[in-house]
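# Working through the structure, step by step
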Amino acid sequence: WRQPVLSVLDLGGVKISRQDVVRDDPTNNVPDNIFSKLGVQLHRRDQHPLGILKNAIYEYFDTNYSNKFNKFEDLCPIVSVKENFDDVLVPEDHVSRSYNDTYYVDPQTVLRCHTSAHQAELLRSGYTHFLVTGDVYRRDSIDSTHYPVFHQMEGFRVFVLEDWEASGMDATLYAATDLKKCLEGLARHLFGAVEMRWVDTYFPFTNPSFELEIYFKGKWLEVLGCGVTEQDILKRNGKPNNVAWAFGLGLERLAMVLFDIPDIRLFWSNDERFTSQFSKGQLGVKFKPFSKYPPCYKDMSFWISESFTENNLCEVVRGIAGDLVEEVQLIDNFTNKKGMTSHCYRIAYRSMERSLTDEEINDLQWKVREQVQSKLNVVLR
Ligand code: FA5
Ligand code: MG
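Residues numbered from 1 in each chain as written. Chains lettered and ligands numbered in written order. Predicted model: local features only at pLDDT ≥ 70, side-chain atom pairs only at ≥ 80, totals over all residues.

## Side note on the overall build of the protein
Note the threshold: Runs of E in the DSSP output that reach at least two residues are strands. Runs of H or I that reach at least four are helices, and both are numbered from the N terminus. Contact between two residues is assigned when their C-beta atoms, built from the backbone, lie within 7 Å.
Along the backbone of the protein there are 12 helices and 16 strands. Expressed along its principal axes, the backbone C-alpha trace of the protein runs to roughly 70 × 45 × 45 Å. Residue pairs in contact within the protein that sit at least 24 positions apart in sequence constitute 68% of those at least 6 positions apart.

See the structure below:
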C-alpha cells in the first residue's frame, strides 16, 4: 500500500495539493515527510492494527450504548487555529500553540494536533454522542513511543439534567464517575485483565482532568487523557444546560500494548513480515518480531544558542533519516564558565527491515551534522 503519488489529495472532501501545505516561508513548518502522511489514514484499514483496534472500540460503544455514538473518521486534518486551540480554550500563551510544537500551514491554519479540534463544530451541529478518529500531527521528540504523526480517537458524551438528577450526585461528579466507568469498561473489553491507574492532570478543556496509564514492559504508559468538559465549551456551542465528558486516546499506544508492538514506527511499515501478522477482527494477536537488526549509535556534541530546541533537532534528523532513526537522546549537558551550554545527543539508527551499512549510516550522520550546523544555529564541537 505504498502511497500513490497523487497531485491532489482528497482530505475529508477538501482538495489539497502539496503547495497548499508545504511552503518555503517562515510561517510554514510542514516538511515533505509529514505531507506524505496526509490522507494515508491507517485507522481506516481493517487489516491494520490501528483499524482492528478502532473497530474493537466501536464494538464496545455500539454494544454498551445501543449505537448511540456517531462516528467520524474522515474529517479533514487541516484545521484552523481557532478550531484546534481557541474553541477548546487553549490559552494564548500555551506551549502547544508554538511553532516548536505544532505544524503550521500558515499563521491561521495547522495540522490538527489532537482530535479535540472537532469538538465544537460537532456540538454545534447537534451531536451529543460522538467518536472522532483521525491522524494528528505534532513536532515532538524521537523514541519508540513518540512519532510526529499518530492517531487519536476522541469520545464525547453530553448529559441532560434528568441523567444526573436521578443519581443524587452533582453534575460534575456524575459525569466524572460515568467517564471512568466507561473507560475502565473499555480497557477490560480490549485487554481483559490489565494493570491500570488514574492520574490527575490538567487540560484546558476539561475539569477535572485525568490520564489513564497502563503497565507495559515494566513501565507505566500513558494511553489517554480525559475529563469533564469545561462548561464554557458547552455554553458557546448551544448546550448551556448540560454537562459532558470527553476523552482522547492514543491509538498507537493502546495498540502497542495489545499487539505487543515494540516500536511506533512499525505502524507505518509496508514490510510483509509486519503486515501479514494482522487480520480483520483479530484483536490482541501478539506480534512476533522478525529478527532485530543491530542499531548503530552516533554521538554529536555542539554549543547551543538560545533558539535551540530538541524538537527542531528531531525534525532535522527525521527529515534526513526518516524512519531509520529510532531515538534521539540527550546524553550530556553542561555549561562552561563563560556561560556557553553544550549538548551531546546520541542518535540511534536502526532499520526494522534490514541491516544498514556503515557507509549508509556515515552518510546520514554526515548530512545530519551539516544541517544541524546550517539550520539550527549551533556550533559543532
Ligand atoms: C490530548 O491530546 C487531549 N486532546 C486529550 C483529551 C481529549 C483530554 C478530551 C481531555 C478531553 P495528550 O496530548 O495527552 O492529550 O494526548 C492524548 C494521548 O495521545 C496520549 O495519552 C498518548 O496516548 C497519545 N500521544 C500523545 N503524544 C503522542 C506521540 N507523539 N506519539 C504517539 N502517541 C501520542
Ligand atoms: Mg498527555
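Here the narrative resumes, following the displayed structure.
## Examining the pairing of strand β7 (residues 129-137)
Heads up, the rule is: Buried, partly exposed and exposed are defined by the number of other C-beta atoms within 10 Å of a residue's own C-beta, namely 20 or more, between the two limits, and 12 or fewer respectively, with C-beta atoms placed from the backbone. Strands pair, by our definition, only if DSSP identifies at least two bridges between them.
Among the 9 residues in β7, 8 count as buried, and that is most of the element. Note that β7 and strand β8 (residues 149-159) share 9 bridges and pair antiparallel. Across the sheet, tyrosine 137 pairs through a bridge with valine 149, a residue of β8.

## Quick word on helix α3 (residues 49-64)
As a reminder of what qualifies: Multiplying 1.5 Å by the residue count of a helix minus one yields the expected span of that helix.
The terminal C-alpha atoms of α3, which comprises 16 residues, lie 23 Å apart, in line with the 22 Å expected from a rise of 1.5 Å per residue. Structurally, α3 contributes buried residues whose contacts are with β7, β8, α7 (171-191) and α9 (251-259). Count one or two residues on from α3 and you reach serine 66, which has phi positive near 35 degrees.

## Topic: the sheet that holds strand β13 (residues 296-303)
Applied cut-off: Comment: axis = line fitted to C-alpha atoms, over the contacting stretch for helices; angle = value between 0 and 180 degrees taken between N-to-C directions.
The antiparallel open sheet is built from 4 strands, whose spatial order is β14-β15-β13-β16. Strand pairing shows two members of the sheet lacking a second neighbour, β14 (325-335) and β16 (379-380), which therefore form its edges. Examined bridge by bridge, β14 and strand β15 (residues 341-349) share 9 bridges and lie antiparallel to one another. The residue bridging glutamine 329 from the neighbouring strand is arginine 346, located in β15. Strand contacts of helix α11 (residues 310-321): β14 and β15, with the helix running at about 145 degrees to β14, the strand carrying the most contacts. Against the sheet, helix α12 (residues 358-376) makes contact with β13, β15 and β16, and its axis sits at roughly 20 degrees relative to β13, the strand it touches most.

## Section: the site of ligand 1
Here is the rule we go by: For each residue, a C-beta atom is placed from the backbone, and the residue is labelled near a molecule or strand when this atom is within 6 Å of it. By the convention adopted, Pro, Cys, Tyr, Trp, Phe, Met, Ile, Leu, Val and Ala count as nonpolar, Lys, Arg, Asp and Glu as charged, and the other residues, Gly among them, as polar.
As a structural note, the neighbourhood of ligand 1 is formed by 24 residues, with His114, Phe150, Gly225, Gly248 and Gly250 the closest of them. Secondary structure elements with two or more residues in the shell around ligand 1: β8, β11 (219-229), β12 (243-250) and α9. Ranked by residues supplied to the shell around ligand 1, first place goes to β11 with 6 residues. Of the residues contributing to the shell around ligand 1, the split by class is 9 nonpolar, 9 polar and 6 charged.

## Remarks on the environment of leucine 75
One can find leucine 75 in the loop between β3 (70-72) and β4 (78-80). Residues leucine 75 and arginine 188, spaced 113 residues apart in sequence, show a C-alpha to C-alpha distance of 29 Å. Discounting chain neighbours no more than four positions away, the residues touching leucine 75 are Gly12, His118, Val132 and Gly134.

## Description of unusual backbone geometry
Trans peptide bonds make up most of the peptide bonds, and negative phi angles are found at most residues other than glycine. Note the cis peptide between asparagine 207 and proline 208, where omega equals 0 degrees. The topology assignment puts proline 208 in strand β10 (residues 206-216). At asparagine 67, a residue that is not glycine, the phi angle is positive and equals roughly 55 degrees. The class of asparagine 67 is exposed, set by 11 C-beta atoms lying within 10 Å. The backbone phi angle of aspartate 260 is positive, close to 60 degrees, even though this residue is not glycine. With respect to the helices and strands, aspartate 260 occurs in the loop between α9 and α10 (272-275). Taking the number of C-beta atoms within 10 Å as the measure of exposure, aspartate 260 has 15 and is therefore partly exposed.

## Here's the deal with the environment of lysine 180
Note that lysine 180 resides in helix α7. Take lysine 180: there are 15 C-beta atoms within 10 Å of it, and that puts it in the partly exposed class. Lysine 180 sits 65 residues away from tryptophan 245 along the chain, and the two C-alpha atoms are 9.8 Å apart.

## Re the domain arrangement of the protein
The condition that has to hold: Note that the domain bounds reflect an automated or database-derived domain assignment.
What the domain assignment lists for the protein is domain 1 (8-267) and domain 2 (296-380). On the side of domain 2, 16 residues touch domain 1, which itself brings 14 residues to the contact. For the side of domain 1 that touches domain 2, the class distribution of residues is 4 nonpolar, 4 polar and 6 charged.

## Considerations on the packing of α11 against α12
Test applied: By the definition adopted for this analysis, an angle is roughly parallel if under 35 degrees, roughly antiparallel if over 145, roughly perpendicular if from 65 to 115, and oblique otherwise. For any helix crossing, the convention is left-handed if the near helix is rotated counterclockwise from the far helix by under a right angle, and right-handed if that rotation is clockwise.
Two elements in contact, α11 and α12, have axes whose closest approach is 9 Å; the angle formed by their N-to-C orientations is 140 degrees. The orientation of α11 relative to α12 falls into the category oblique. For the pair α11 and α12, the crossing hand works out as right-handed. Contacts between α11 and α12 involve Asn312, Leu313, Val316, Val317, Ile320 and Ala321 from the former and Leu364, Lys367, Val368, Gln371, Val372, Lys375 and Leu376 from the latter. Residues belonging to the contact of α11 with α12 are distributed by class as follows: 9 nonpolar, 2 polar and 2 charged.

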